[in-house]
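# Inside the fold
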Amino acid sequence: MTSAISILDRISLLLAWLSGLIAFFVMAVTFTGVVMRYGLRKPLMGGFEMIEIGMGLIVFTALPLMIRHRGNISVTILTDRFPVKLRQITGLVSDLVGGTLMGFIAWRVWLQGERLLTYNEVTMELRVPKGLIAQSMAVLLVFAALAFFLCALEAFRRDPADKTTAAGDI
Amino acid sequence: QEVKTLRVGSWLPPHHLIVSGILEPWAAAIENETGGSLKFEIMTSSLGPPPAQFDLLLDQAFDVGYGVSGHNAGRFTMTQVMDLPFMSPDPWAGSAASWLTYQKFGAEYGEHDGAHVVGLFTHSNPNINMAKGRIETLADLEGKTIRVGGNVTGRMMSELGASPVQLPPTEAQTAMSRGVADGITFPSESIDFFGITPVISSITRIPGGLYTDTFWVAFNQDSWDALSDGERAAVEKHSGMAIAMLSGFAWTNGDTYGEEKLNAQGVEFITLPEADVAAAREKLKPLETDWLAQASERGYDGDAILQYARDMVENYRSDKSVNVVK
Amino acid sequence: MGVWEISAIAFGGVFVMMMGGMPIAIAMLLVGLSGIWINISERTAMGMIGQLPINATMSYELSVLPMFILMGVFVTRARMSEDLYRLCHGFVGHMRGGLAAATILACGGFSALSGSSLATAATMAKVAVPEMRRYGYTDGFAASAVAAGGTLGILIPPSVILVLYGIATGTDIGSLFIAGILPGGLAILLYLVAIRITAQIDPSCAPAAPRADWHERARYLRSVGPILLLFIGIIGGLYKGVFTPTEAGGVGATGALAFALWRRALSWEGLVGSLVETVLTTASLFLVLIGALVFSNFMNLIGLPSALSELILAQGLGSTAVILMILVIYLFLGMFMESLSMILLTVPIFFPIVTQLGFDPVWFGIFAVMVTELSLITPPVGLNLFVIKSVIKDLSVGDMYRGILPFVLADIVRIVIIIAFPWIVMVLPLMAR
Ligand code: NA
Ligand code: NA
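Residues numbered from 1 in each chain as written. Chains lettered and ligands numbered in written order. Predicted model: local features only at pLDDT ≥ 70, side-chain atom pairs only at ≥ 80, totals over all residues. Heavy atoms only, no water.

- Taking an unreviewed UniProt entry as the reference, chain C is identified by name as TRAP transporter large permease protein belonging to Sulfitobacter geojensis.
- The heading Subcellular location (unreviewed entry) in the UniProt record of chain C holds the text "Cell inner membrane".
- Its UniProt record gives chain C a comment under Subunit (unreviewed entry), which states: "The complex comprises the extracytoplasmic solute receptor protein and the two transmembrane proteins." (UniProt positions renumbered as here; feature names shortened; annotations may be inferred.)

- By the naming in an unreviewed UniProt entry, chain A is TRAP transporter small permease protein, taken from Sulfitobacter geojensis.
- We quote the UniProt Subunit (unreviewed entry) comment for chain A here in full: "The complex comprises the extracytoplasmic solute receptor protein and the two transmembrane proteins."
- UniProt lists a comment for chain A under the heading Sequence similarities (unreviewed entry), and it reads "Belongs to the TRAP transporter small permease family."

Okay, structure coming up:
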């Protein structure tokens, strides 16, 4: 059980590093595009689309770790005054609802991916099948669902009021 | 009397010509025709970005929708025959030909399955609108940065020697006024609609219609099947070629309005010389070859579709000289 | 059930779940999705949730979100925020309420490099609150100054909210950015006045710090050189047309990275940490965005926008009265709603009404940002207050609720001023056209 948890957490971390790498890539593509257009009077072919695809992947690769770090934006002024037991119960409910929703969305996004594949929809310039992008998002959403369920498992072992990191507190 | 209300999904502001000049009169005509038993409610805010519209329609988020075929690259290959360079010389011919081509080949190729298409139309001729500098010949395009909306127009501009920059319309005005782009491809209607008029100094017309987008108007199949025979007849009476006709008027009127504003500002209008137009046609041939390859990849008779569309354009073009002894 | 009843239940449901500690995004997703399912159809709900996450994230224009966040993270890692604060401290710290004034000024400076209010508040809280405490400021006043100053993040360009507004309404983002500059100056001015008056009424809440000499001041001034350079580079590049507002994000982040490297303030781990911090923030923002879009599609499908606009237009009010009415609605919503979702939900409803009445889309964009700023600091749901609380754990939210009043009043005065004198917003974008 604990080893399964630590494996999933390691996957979440790896995915977040990948997400960071994509963010760096988006930054580099934007900068290069400007330099090429202004300096060489030539556009970076496919730059627009690389950024679009990159954006979709940044969000979903970072989602599992964000959830594990309890980085979701939430309002805690009332729950901070709850007794610990009540706070743990509301936390458990939130995590279960979150996990179920993420799983449900993963399933629907996967099916939308199938639909896009049957229609041969591709991105305009690089002609990447949109269905494949959608289905990668669906797989990543499964990890997001698992991340929520892991948080639910730990609901009574920790006090949800203390956050390990503060991603959601931007 | 029982009133059936159909929801029309819309992603453009209510005063845009597609809404006020095509959808609203079309809906009103059908409401009159059915004596008010069929009503249309055009939504004022969008449920998703333009490329999402067809899937939203399939999921019956609304009963009637419209969208741009080219926004779902690879999906509406047959319809996009009209998007090839120099296919649509004016919005009447382009709209009529796109609808007639769909009528002939649409059912066979089934690109719109799950929806019942009632109309297809194209927009008016785009011009090259320059903030700085003027385009008198193709050679003048060399080294100019031109804002384009999508990669097909981007490719055309590259083939013609310009340097395309793909930007969303929300950044078009800044891009033009700040000099990120020297020029922009748009019909005169859109120049005014997006508030770019003040920065334009010259406009080059390209006879024959450099490029066009093909729009679809469709019912969700189940929403369509739920209509009575009488209601379907009423819709059909005012759809198809009637929508093409509305489109012709709407875009032409929109351009007239835009050009009034541009003229009031003293913008210079230039027409690309015939020899340059011919050269441009030649340079843009590769796009046609690519489309034929995509069509055959999907098992379509590309040559037949292209020829039929061209024939229909010739039959319906609006610039025929008449009362002239030939 | 009519549209009003359904909307009331939906908003009430989200509010209750939110107050119960459920992530705001999850609450909106749950209510939006089940609402569409029950009130429209299962098929529409299933289809919408399948395609919305794809369309909402794969957006070129929204790439400014992670890029501006990344820029802010790099700037903070390079300790530029501390330099900025020390500079303002050195110049105005010795006056009554001077450290609070320095906080506002430093927030204003940081806002020029950060697109997010929450990021600005979080960054400056770490720097400014301990310093104000050291000189005997009350907790409530110190934290409130940072919370209010932090809201400048979305008014002074670049601004994530202005980008979202531009996309939602088709308004030119460059014009919106330029329009935010003068109102940003006005905001700083009014906050300084609010601080001055508060310090006058209750001198014990904001004592003066010792005066810095000119030698020190010159040193501080030199240290903020890089920030100034970066800001001038971004605004200058935008103005000269080297890049677009969206590209400004990527260019700014690259510039901030270059400065951080040049200062040797960024190790390999620091770079990875910055990137991970950025994408985690991005993910939580986008989850809220997806939730808000599902919820607003639900409101859209049941016909709330048309019902609301009919209600407002049926009163037969003049344009100023309508704007004041919208302001009151926003004040109310802003107390209870999270700011990002508030804008995403309401702008599509109000935009057609106000443009029909002849208001300029750029002006309304600035108005929308100002009401969002207000919502960030008004109790009970004021996100900037929570952010500061999460950075400085031992602050009491109750103290902050008391300290924030002067700044809320300053915000309301500012909104009334731009209603009365719209040219403050419009003069720069009109000149730039
Ligand atoms: Na800012
Ligand atoms: Na609030």
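## Some details on the overall build of chain C
- A tally of helices and strands in chain C yields 23 helices and zero strands.
- Against the compact-globule benchmark of 22 Å for 433 residues, chain C has a radius of gyration of 21 Å, which places it among compact chains.
- Projecting the C-alpha coordinates of chain C onto the three principal axes gives extents of approximately 70 × 50 × 45 Å.
- Out of the 433 residues in chain C, the part that is buried amounts to 66%.
- For chain C, the share of sequence-separated contacts (at least 6 apart) that also reach a separation of at least 24 residues comes to 80%. (Helix = DSSP H or I, 4+ residues; strand = E, 2+ residues; numbered from the N terminus. Rg over C-alpha atoms; globule rule 2.2 N^0.38 Å. Buried < 20%, exposed > 50% of the residue type's maximum accessible area, 1.4 Å probe, protein only. Contact = heavy atoms within 4.5 Å.)

## A word on the UniProt feature "domain: TRAP C4-dicarboxylate transport system permease DctM subunit" (unreviewed entry) in chain C
- UniProt records the feature "domain: TRAP C4-dicarboxylate transport system permease DctM subunit" (unreviewed entry) for residues 11-424 of chain C in the present numbering.
- The annotated region residues 11-424 of chain C carries 79% helix and 0% strand content, and the separation between its end C-alpha atoms amounts to 35 Å.

## Points about the interface of chain B and chain C
- Listed per partner, the contact involves 26 residues of chain B and 33 residues of chain C.
- When chain B packs against chain C, close to 2500 Å² is buried across both sides, 50% of that on carbon and sulfur atoms.
- Interface area lost by chain B to chain C is led by T170, E171 and R178 of chain B, which between them contribute 27%.
- Counting every contact that joins chain B to chain C gives one salt bridge. (Buried area = accessible area lost by both parts, 1.4 Å probe. Salt bridge = Lys/Arg side-chain N within 4 Å of Asp/Glu carboxyl O.)

## With respect to the sheet that holds strand β5 (residues 127-130) of chain B
Residues and elements named next belong to chain B.
- Spatially, six strands are ordered β7-β6-β8-β5-β9-β11 in an open sheet, and the strand pairing comes out mixed. In this open sheet, the two strands that pair with only one neighbour each are β7 (163-166) and β11 (268-271). Strand-to-strand twist across the sheet, computed as the mean angle between neighbouring axes with direction ignored, equals 30°.
- Where strand β6 (residues 145-148) lies against β7, four bridges are found, and the strand directions are parallel. Counted as the bridge partner of T145 is S163 from β7. (Pairing = 2+ DSSP bridges. Axes fitted to C-alpha atoms, helices over the stretch in contact; angles between N-to-C directions.)

## With respect to the confidence of the model for chain C
All names here are of chain C.
- Taken over all residues, the pLDDT of chain C has a mean of 87, while the share at 70 or more is 100%.
- Per-element confidence in chain C is highest for helix α22 (residues 405-420), whose mean pLDDT is 95, and lowest for helix α13 (residues 225-240), whose mean pLDDT is 78.
- Overall fold confidence for the complex sits at a pTM of 0.88, while the interface term, ipTM, reaches 0.89. (pLDDT = per-residue confidence, 0-100.)

## Some remarks on unusual backbone geometry
- Put simply, P157 of chain C and P158 of chain C share a cis peptide bond, and its omega is 0°.
- Within the fold, P158 of chain C resides in the loop between α8 (139-151) and α9 (160-169).
- Here the phi dihedral of R70 of chain A falls at roughly 50°; this positive angle occurs in a residue that is not glycine.
- Along the chain, R70 of chain A falls in the loop between α2 (47-68) and α3 (84-118).
- Positive phi is not limited to glycine here, since F86 of chain B has a value of about 60°.
- Mapped onto the elements of the fold, F86 of chain B is located in the loop between β3 (64-68) and α3 (91-109).

## Describing the nonpolar core
- Counting residues in hydrophobic clusters, the biggest one holds 278 residues, and the most contacted among them are M102 of chain A together with W363, F367 and F407 of chain C.
- Setting aside chain neighbours within four positions, we find W363 of chain C in contact with I323, I418, I419, P422, V425 and M426 of chain C.
- Counting 29 residues, the second-largest nonpolar core is a separate cluster that includes I18, F219, W224 and V235 of chain B. (Core = buried A, V, L, I, M, F, W, Y, C linked by side-chain atoms within 4.5 Å.)

## A closer look at the UniProt feature "transmembrane region" (unreviewed entry) in chain A
All names here are of chain A.
- What UniProt calls "transmembrane region" (unreviewed entry) maps, in this numbering, to residues 12-38, 50-68, 89-111 and 131-153.
- In residues 12-38, the share of helix is 100% and the share of strand is 0%. The end C-alpha atoms are 39 Å apart.
- Spanning residues 131-153, this segment combines 100% helix with 0% strand, and its end C-alpha atoms are found 33 Å apart.

## Some words on the packing of aromatic side chains
- Counted by the stated rule, this structure contains 32 aromatic pairs over all chains.
- Between F259 of chain C and W262 of chain C, the aromatic rings sit 6.3 Å apart at their centres with planes inclined by 70°, giving edge-to-face as the arrangement. Here F259 of chain C and its partner W262 of chain C are both found in helix α14 (residues 245-262), three residues apart, which amounts to about one turn of the helix.
- Judged by its relative accessible area of 16%, F259 of chain C is buried.
- Through a chain of ring-to-ring contacts, three or more aromatic side chains come together here, namely Y165, Y330, F350, F351, F359, W363, F364 and F367 of chain C.
- The positively charged end of K104 of chain B is found above the aromatic ring belonging to F105 of chain B, 5.8 Å away from the centroid. (Phe/Tyr/Trp six-rings, centres within 6.5 Å; stacked < 30°, edge-to-face > 60°. Lys NZ or Arg CZ within 6 Å of the ring centre and 35° of its normal.)

## What about the pairing of strand β2 (residues 38-42) of chain B?
- In this structure, strand β1 (residues 4-8) of chain B lies alongside β2 of chain B, joined through five bridges in parallel fashion. The residue of β2 of chain B that forms the bridge with L6 of chain B is F40 of chain B.

## Quick word on a nonpolar patch on the surface
All names here are of chain A.
- There is a patch of nonpolar side chains on the surface, built from L96, V142, L146 and F149 and spanning about 290 Å² of accessible area.
- Looking at the nonpolar patch element by element, the count peaks at three residues for helix α4 (residues 130-153).
- Following the sequence through the fold, L146 ends up in helix α4.
- Given the relative accessible area of 33%, L146 is considered partly exposed. (Patch = residues over 30% accessible without salt bridge, like charges linked within 9 Å, V, L, I, M, F, W, Y side chains within 5 Å. Areas by Shrake-Rupley, 256 points an atom, 1.4 Å probe, with all protein chains shown as cover.)

## Comments concerning the interface of chain C and chain A
- Taken together, the 61 residues of chain C in the interface contact 55 residues of chain A.
- Where chain C abuts chain A, roughly 5400 Å² becomes buried across the two surfaces, and 81% of that area is made up of carbon and sulfur atoms.
- When the buried surface of chain C facing chain A is broken down by residue, M58, Y60 and L280 of chain C rank first, second and third, together holding 13% of it.
- Inspection of the region where chain C meets chain A yields one salt bridge.
- Its salt-bridge partner being E247 of chain C, residue R37 of chain A comes within 2.9 Å of it at the nearest N-O pair.

## What about the side chain of S12 of chain A?
All names here are of chain A.
- Locating S12 in the fold gives a position in helix α1 (residues 2-40).
- Residue class for S12 comes out buried when judged on its relative accessible area of 5%.
- What S12 contacts, discounting residues up to four positions off in sequence, is P64, L65 and R68.

## Comments concerning the packing of α1 of chain A against α4 of chain A
Residue and element names in this part refer to chain A.
- Their axes nearest at 11 Å, the elements α1 and α4 cross at an angle of 130°. If you check the angle between α1 and α4, you find them oblique. The handedness of the crossing between α1 and α4 is left-handed. Only L140, F143, L146 and L150 of α4 make contact with α1, whose side of the interface consists of I5, L8, D9, I11 and L15.
- Grouping the constituent residues of the contact of α1 with α4 by class yields eight nonpolar, no polar and one charged. (Parallel < 35°, antiparallel > 145°, perpendicular 65-115°, else oblique. Left-handed = near helix turned anticlockwise from the far one by under 90°. Nonpolar A, V, L, I, M, F, W, Y, C, P; charged D, E, K, R; others polar.)

## Observations regarding α3 of chain B
Residue and element names in this part refer to chain B.
- Bending of α3 peaks at approximately 45° at the position of Q103.
- Of all 19 residues that make up α3, 14 are buried, and the element is covered over most of its length.
- Residue D90 occupies the N-cap position of α3, its side-chain oxygen lying 2.9 Å from the main-chain nitrogen of W92. (Bend = angle between axes of the 7 residues up to and from the residue. Polar contact = N/O pair within 3.5 Å; in protein donor to acceptor, adjacent residues only side chain to side chain.)

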